[in-house]
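# Structure at a glance
Each chain, written out:
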2 protein chains.
Amino acid sequence: MRYLKHLSVLTLGLILAGHALAQGPTEAQLAKSEELARWALEQNLGYEIVESLTTEVGARLAGTEAEERARQWAVTKLKKLGFKNVRVEHFDLPVWERGLERAEILAPYPQALVITSLGGSTSTGHQGVEGDVVGFSSLAALKAADADTLKGKIAYIGEVMTRTQDGSGYGVAGAKRREAAYVAKEKGALAVLIRSVGTSSHRFAHTGQMRRVTSQPIPDGVPAAALAAPDADQLERILASGKTVTLHLLLTPETRPAGRSGNVIAEIPGKKKPEEIVLLGAHLDSWDMATGAVDDGAGVGIVVAAAKHLMDETKRPERTVRVVLFGAEEVGLVGGKAYVEMHKDELKNHVIASESDFGAGRIWRFETRAGEGRVAAAQALGHGVRMLGAAPGGNAASGGPDLLFMRGEGVPVVTLKQNGWDYFDLHHTPNDTLDKIHPADLAHNVAAWLSFVYLAANTGEYYR
Amino acid sequence: MRYLKHLSVLTLGLILAGHALAQGPTEAQLAKSEELARWALEQNLGYEIVESLTTEVGARLAGTEAEERARQWAVTKLKKLGFKNVRVEHFDLPVWERGLERAEILAPYPQALVITSLGGSTSTGHQGVEGDVVGFSSLAALKAADADTLKGKIAYIGEVMTRTQDGSGYGVAGAKRREAAYVAKEKGALAVLIRSVGTSSHRFAHTGQMRRVTSQPIPDGVPAAALAAPDADQLERILASGKTVTLHLLLTPETRPAGRSGNVIAEIPGKKKPEEIVLLGAHLDSWDMATGAVDDGAGVGIVVAAAKHLMDETKRPERTVRVVLFGAEEVGLVGGKAYVEMHKDELKNHVIASESDFGAGRIWRFETRAGEGRVAAAQALGHGVRMLGAAPGGNAASGGPDLLFMRGEGVPVVTLKQNGWDYFDLHHTPNDTLDKIHPADLAHNVAAWLSFVYLAANTGEYYR
């Protein structure tokens, strides 16, 4: 429809000259996107930003004073880098904080196990709970259990997460994390343990949110924790021997009803169409056990560095480039939801959006989610990304977790799909630290994002 | 040479039959040692033993009830396998036990660090200590420091451990663990932190003993802890920025003056020379943070399986094969020392000894420590080990940590040198669990030890 309208105009040359936005990238712009990508491979700014965030702030759990320090860090950093309209958009949320967490097999073979509370878990009380363990091979098996068999027991769910390049094992394995506490409660269990949702064999338990935090109180499940993989193996070996396993579990998390989080926003105002927005996202909060280097310090470094390079190495973009560092992603995409509520009227002007939130692995696919007939145009924005080795992807991109609600409102998104083979070794563990990021891999990401944002901010039209 | 000699003797058969011990291995015995090794590569008994110990006992710190359970496990297991003269030789020792351990940077960038107390550390008291951190690049640099500069401060020693196949990086890096607390005390420091003595970049702090436990009280150093490598990196980054780092440290270990440990002994009595002993050792205790699979469950599995296979797959050996599972190795070779004291009169009959205590990596060298003129004879015992791929080694074998005192008394030793490239990734961390052992690697070790013990118990003479 829009295309026909443009064709019906005779002065095509003038349109091309004056309306590059309407036409998709010129050869010169495609060449420039390649040139920028090649140049950015040699830069280190993305890594320097992750290093700064993870060193100077460290862990930054949603709604805590540490996340507040992360916002201060971000505002200072973004202003110093020369971004405009740097601001925080605050929102409120209940805040869950970890307490003590201990699990000990009392019989038949007394020993401590490495565990961590799942986000949103209820407390066992300071005495803890003690019960025999009933093992299940999957969440489905627990769901199928007879309620009477779990009265006074502790449920355990095994199920090994599948390691994949595209992270597809996470959705499957994550179900037990999200639902176990509530299903176990229905069955009358005292508490529930799960094998960590993760792929590492190192002795780290993986945390993660159960049900998403919303403005409504979350219904209480039973106390819930994840076992490190070697400890899950250990428990499963003992259960397989047929012996009764008696376990003591202590978890003392607490929830404060009112805390504050916020999204940090910074812009490069567009020169010709400042009202049209290209949104680059990442999330600023992390889990509390590590410095959140891959989740999501890497994303922060990637999108901030890409936007900074655009600012310095090209002319002022036609459209506004908006960097959004979301708050409170980990506890339920609270920042992504707040952004949509606060920017409802403006969403129609969001030309395209993407979030980097999958570590620092290299990009191997460029995916879109554009309107019918606009897919090829959206794919054109991945020209430089493909030059770096990425394959063209389909039109079912998620765009990133914080874009869920925006996507629901019709904002087109792309995903610069990263290699996540190792991501779930580190994700939500104490081991998510700076040393796990390879600077050259991070630079590859910055290069890809720079070439993408250059084209998105200077060429093409809408992608709805 | 041997061929000619064989030909020149008329009554060759009789000599071979009656004086195998005096003559070194016959061709038939060498062939048998190869055959046994090949057969053992296909067995899984060594792994089953490690699995049983690490699952049914778990962590087993010297002098604790858990180590007592390990001895009970060992006695039961060794009797069940058919060994004779299974017994425990007890000894006393002071027992150090870990308490709380927390470190937190208070300024400039508040955050928790992953640490662990060093074995034998004194307590900070339940309030902990607070001080500014003074960084040193090495133990030597701390030693060179002016005493006045550390009053009221917390010393930190960096220095990255070198990863090597032969473990030689450990001795160098270990010096700071052994001495830091005492040197820091001389300089007036409140406490000392060290970069972990280990090679992993995972977020585990490595513990380990400072000064060896003896019957004498150990002089008190300042409270001492090791940082996980990523946390050492973090601290060093902040120190390098030139900012003053203020840190709070809480360590509350306690020492009980009187505890009990013991060596577990089992034998295959020799048929012809029962008074002559071939000693196979490993240590039964572990650090408290993990199930001690590579340190030293693997050694227990290797030597017990090798001796069991000898018992079942060959005729009763000429000499007595004695398996010694030492207690309290980690806290200062206490079991090795006690063994020498309890067996002083018998040491002259110890033909040769060796301990397996370097994980489950494959054997790449066969080393001896034999008397002058006896080196070639001792090297002959490594025939099957070399067939599996090991190189001939020198004559400076340590034999293993618990053999230190025995060696001092003149007992010849050999070392079946394992590949320790990855060993210090796991050693003394919570990550030392069963899943880190590759069953085929463990079987390779059992095969090598079986071929060695077969030759040592049936051929040759003394090696002094």
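Residues numbered from 1 in each chain as written. Chains lettered and ligands numbered in written order. Predicted model: local features only at pLDDT ≥ 70, side-chain atom pairs only at ≥ 80, totals over all residues. Heavy atoms only, no water.

### Looking at empty space enclosed by the protein
Selection rule: Grid spacing is 1 Å over the protein atoms alone, the probe is 1.4 Å, and a cavity is where that probe fits but cannot get out, while a pocket is an open set with protein on both sides within 12 Å along at least five of seven lines and lining residues have an atom within 4 Å of a point. Grid points are joined across faces, edges and corners, and a volume is the space filled by probe spheres set on the points. Secondary structure elements are taken from DSSP: a helix is a run of H or I of four residues or more, a strand is a run of E of two residues or more, and numbering for both begins at the N terminus. Residue classes follow a fixed rule: Ala, Val, Leu, Ile, Met, Phe, Trp, Tyr, Cys and Pro count as nonpolar, while Asp, Glu, Lys and Arg count as charged, and any other residue, Gly among them, counts as polar.
This structure, assessed with the given rule, holds 5 cavities of 30 Å³ or more. Taken as a whole, the largest cavity spans an internal volume of roughly 80 Å³. The wall of the largest cavity is formed by Gln 111, Leu 113, Arg 203, Pro 230, Asp 231, Gln 234 and Arg 237 of chain A together with Thr 54, Thr 291, Thr 433, Leu 434 and Asp 435 of chain B. Going through the elements one at a time, β3 (111-113) and α9 (229-240) of chain A are the ones with two or more residues in the lining of the largest cavity. Counting residues per element, the lining of the largest cavity draws most heavily on α9 of chain A, at 4 residues. Split into classes, the residues belonging to the lining of the largest cavity amount to 3 nonpolar, 5 polar and 4 charged. Considering only enclosed or pocket space, the second largest cavity measures out at about 60 Å³ in volume. Lining of the second largest cavity is provided by Ser 286, Trp 287, Met 289, Ala 290, Gly 292, Asp 295, Glu 330, His 428, Thr 429 and Asp 432 of chain B. Across the lining of the second largest cavity, the residue classes tally to 3 nonpolar, 4 polar and 3 charged.

### What about the interface of chain A and chain B?
Put simply, the test is: By definition, residues are in contact when any of their heavy atoms lie within 4.5 Å. Throughout, buried area stands for the accessible area (probe radius 1.4 Å) lost by two parts on being put together, summed over both. Polar contact criterion, stated in full: a pair of N or O atoms within 3.5 Å, where within protein one must be able to donate a hydrogen and the other to accept it, and residues adjacent in sequence count only if both atoms are side-chain atoms.
Across the contact, 28 residues belong to chain A and 28 residues belong to chain B. Carbon and sulfur atoms supply 52% of the area buried between chain A and chain B, which totals about 2200 Å² over both sides. On the chain A side of the contact with chain B, Thr 55, Arg 203 and Arg 237 of chain A bury the most area, a combined 26% of that side's loss. In this structure, the connection of chain A to chain B is made through 19 residue pairs in polar contact (both at pLDDT 80 or more). In terms of residue count, α9 of chain A provides more of the side of chain A that touches chain B than any other element does, 5 residues in total. When the residues that make up the side of chain A that touches chain B are grouped by side-chain class, the tally is 10 nonpolar, 10 polar and 8 charged.

### Quick notes on the sheet that holds strand β6 (residues 154-157) of chain A
Residue and element names in this part refer to chain A. Put simply, the test is: Strands pair, by our definition, only if DSSP identifies at least two bridges between them. Axes here refer to lines fitted to C-alpha atoms; in helices the fit is confined to the stretch in contact. Angles between the N-to-C directions go from 0 to 180 degrees.
As summarised here, the arrangement of the 8 strands in space is β3-β2-β9-β5-β6-β7-β8-β4, forming an open sheet in which the pairing is mixed. Among the strands making up the open sheet, the edge pair consists of β3 and β4 (115-117). Across the sheet, the mean angle from the axis of one strand to that of its neighbour is 35°, orientation sign disregarded. The pairing of strand β7 (residues 191-195) with strand β8 (residues 224-227) spans 4 bridges and is parallel. Looking at β8, one finds that Leu 193 is bridged to Ala 225.

### Digging into the relation of the copies chain A and chain B
This is how the line gets drawn: Superposition of the copies was done by least squares, using only C-alpha atoms of residues whose pLDDT is at least 70 in both.
For these two chains of identical sequence, chain A goes onto chain B by a turn of 180° and a shift of 0.0 Å along the axis, with RMSD 0.0 Å. Within this description, the copies of the chain are treated as partners about a two-fold rotation axis. Using C-alpha coordinates, one finds that chain A approaches the rotation axis most closely at His 202 of chain A, a distance of 4.2 Å.

### A word on the pattern of salt bridges
When the charged atoms of two side chains lie near each other, side chains of opposite charge can form a pair. We count it as follows: Counted as salt bridges are all cases of a side-chain nitrogen of Lys or Arg within 4 Å of a carboxyl oxygen of Asp or Glu. Residue exposure (1.4 Å probe, protein chains only): buried if accessible area is under 20% of the type maximum, exposed if over 50%, otherwise partly exposed.
As enumerated under the stated definition, the model contains 57 salt bridges over all chains in all. Glu 34 of chain B serves as the salt-bridge partner of Arg 38 of chain B, at 3.2 Å between the closest nitrogen and oxygen. Of this pair, Arg 38 of chain B and Glu 34 of chain B are both found in helix α4 (residues 27-40), 4 residues apart, which corresponds to roughly one turn of the helix. With a closest N to O distance of 2.9 Å, Lys 143 of chain B and Glu 179 of chain B form a salt bridge. Here Glu 179 of chain B lies in helix α8 (residues 168-186) and Lys 143 of chain B lies in helix α7 (residues 139-143), a separation of 36 residues in the sequence. Judged by relative accessible area, which is 41%, Lys 143 of chain B ranks as partly exposed. Counted as one network, the salt bridges with shared partners bring together Arg 87, Glu 89, Glu 267, Arg 322 and Glu 346 of chain A.

### Quick look at a positive patch on the surface
Residues and elements named next belong to chain A. We count it as follows: Without a salt bridge and with relative accessible area above 30%, a residue can belong to a patch; like charges are then joined within 9 Å and nonpolar side chains (Val, Leu, Ile, Met, Phe, Trp, Tyr) within 5 Å. Method for areas: the Shrake-Rupley scheme with a 1.4 Å probe, in which residue coverage is limited to the protein chains shown. For the purpose of counting charges, residues Lys and Arg are taken to be positive, whereas Asp and Glu are taken to be negative. His and the chain ends are not included. Lysine's charge is taken at NZ, arginine's at CZ, aspartate's at CG and glutamate's at CD.
A cluster of basic residues, Lys 84, Lys 271, Lys 315 and Arg 316, forms a positive patch on the protein surface. For Lys 315, the position within the fold is in the loop between α10 (293-313) and β12 (319-326). The exposed category is assigned to Lys 315, whose relative accessible area is 72%.

### Some thoughts on the packing of helix α5 (residues 45-56) of chain B against helix α10 (residues 293-313) of chain B
All names here are of chain B. Here is the rule we go by: For classification purposes, an angle smaller than 35 degrees is called roughly parallel, one larger than 145 roughly antiparallel, one from 65 to 115 roughly perpendicular, and anything else oblique. The hand of a helix crossing depends on one turn: near helix anticlockwise from the far one by less than a right angle means left-handed, and clockwise means right-handed.
Running from N to C, α5 and α10 cross one another at 135°; their axes reach a closest spacing of 8 Å. As summarised for this structure, α5 and α10 are arranged oblique, according to the angle between their axes. Both α5 and α10 take part in a crossing whose hand is right-handed. Judged by residue contacts, Leu 45, Gly 46, Ile 49, Val 50, Leu 53 and Thr 54 of α5 engage Ala 293, Gly 297, Ala 298, Val 300, Gly 301, Val 304, Ala 305, Lys 308 and His 309 from α10. In terms of residue class, the contact of α5 with α10 is built from 9 nonpolar, 5 polar and 1 charged.

### As for the domain arrangement of chain A
All names here are of chain A. We count it as follows: Here the limits of each domain have been adopted from an automatic or database domain assignment.
Once the domains are mapped, chain A shows domain 1 (24-94 + 258-458) and domain 2 (99-252). On a C-alpha basis, the centroid separation for the pair domain 1 and domain 2 is 33 Å. Between domain 1 and domain 2, the residue contacts involve 26 residues of the former and 22 residues of the latter. The interface formed by domain 1 and domain 2 includes 2 salt bridges. One salt bridge connects Asp 422 with Arg 163, and the closest N-O pair in it is separated by 3.8 Å. Our count for the contact surface shared by domain 1 and domain 2 stands at 9 residue pairs in polar contact (both at pLDDT 80 or more). Counting only elements with at least two residues in the side of domain 1 that touches domain 2, the list comes to β1 (84-97), α14 (404-408), β16 (413-418) and α15 (423-426). By residue class, the composition of the side of domain 1 that touches domain 2 is 14 nonpolar, 8 polar and 4 charged.

### Some details on the UniProt feature "domain: Peptidase M28" (unreviewed entry) in chain A
To be explicit about the condition: UniProt positions are given in the numbering used here, feature names are shortened, and annotations may be inferred rather than shown by experiment.
Under the local residue numbering, the UniProt record ascribes the feature "domain: Peptidase M28" (unreviewed entry) to residues 263-452 of chain A. Helix makes up 34% of residues 263-452 of chain A and strand 24%, whereas the separation of the span's terminal C-alpha atoms amounts to 23 Å.

### Remarks on the pairing of strand β12 (residues 319-326) of chain B
Both faces of the sheet carry side chains from a regular strand, because those side chains alternate between them. Residue and element names in this part refer to chain B. Applied cut-off: When the strands point away from the viewer, a crossover counts as right-handed if the path from the first strand over the helix to the second runs clockwise.
For β12, the buried fraction is high: 8 of the 8 residues fall into the buried class. For strand β10 (residues 254-268) and β12, the ladder comprises 5 bridges, and the chain directions are antiparallel. From the neighbouring strand, Ala 266 faces β12, where its bridge partner is Val 323. Both strand β11 (residues 273-283) and β12 contribute to a ladder of 8 bridges, which runs parallel. What sits directly across from Leu 279, in β12, is Arg 322. Since β11 and β12 lie parallel, the crossover through α10 that links them has a hand, and here it is right-handed.

### Here's the deal with the confidence of the model for chain A
Convention followed: pLDDT: the predictor's confidence for each residue, scored from 0 to 100.
Mean pLDDT over chain A: 94, with 94% of residues reaching 70 or higher. Every residue in residues 1-22 of chain A is under pLDDT 50, and counting partners more than four places away or in other chains gives 25 contacts.

### A few points about the sheet that holds strand β8 (residues 224-227) of chain B
Residue and element names in this part refer to chain B. With mixed pairing, 8 strands are arranged side by side in an open sheet as β3-β2-β9-β5-β6-β7-β8-β4. Both edges of this open sheet fall to β3 (111-113) and β4 (115-117), since each of them pairs with a single strand only. The average angle at which neighbouring strand axes cross in this sheet is 35°, direction not considered. Direction of pairing for β4 relative to β8: antiparallel, over a ladder of 3 bridges. Its bridge partner lying in β8, Ile 115 is registered against Leu 227. Across the sheet, α8 is in contact with β6 (154-157), β7 (191-195) and β8; its angle to β7 comes to roughly 155°.

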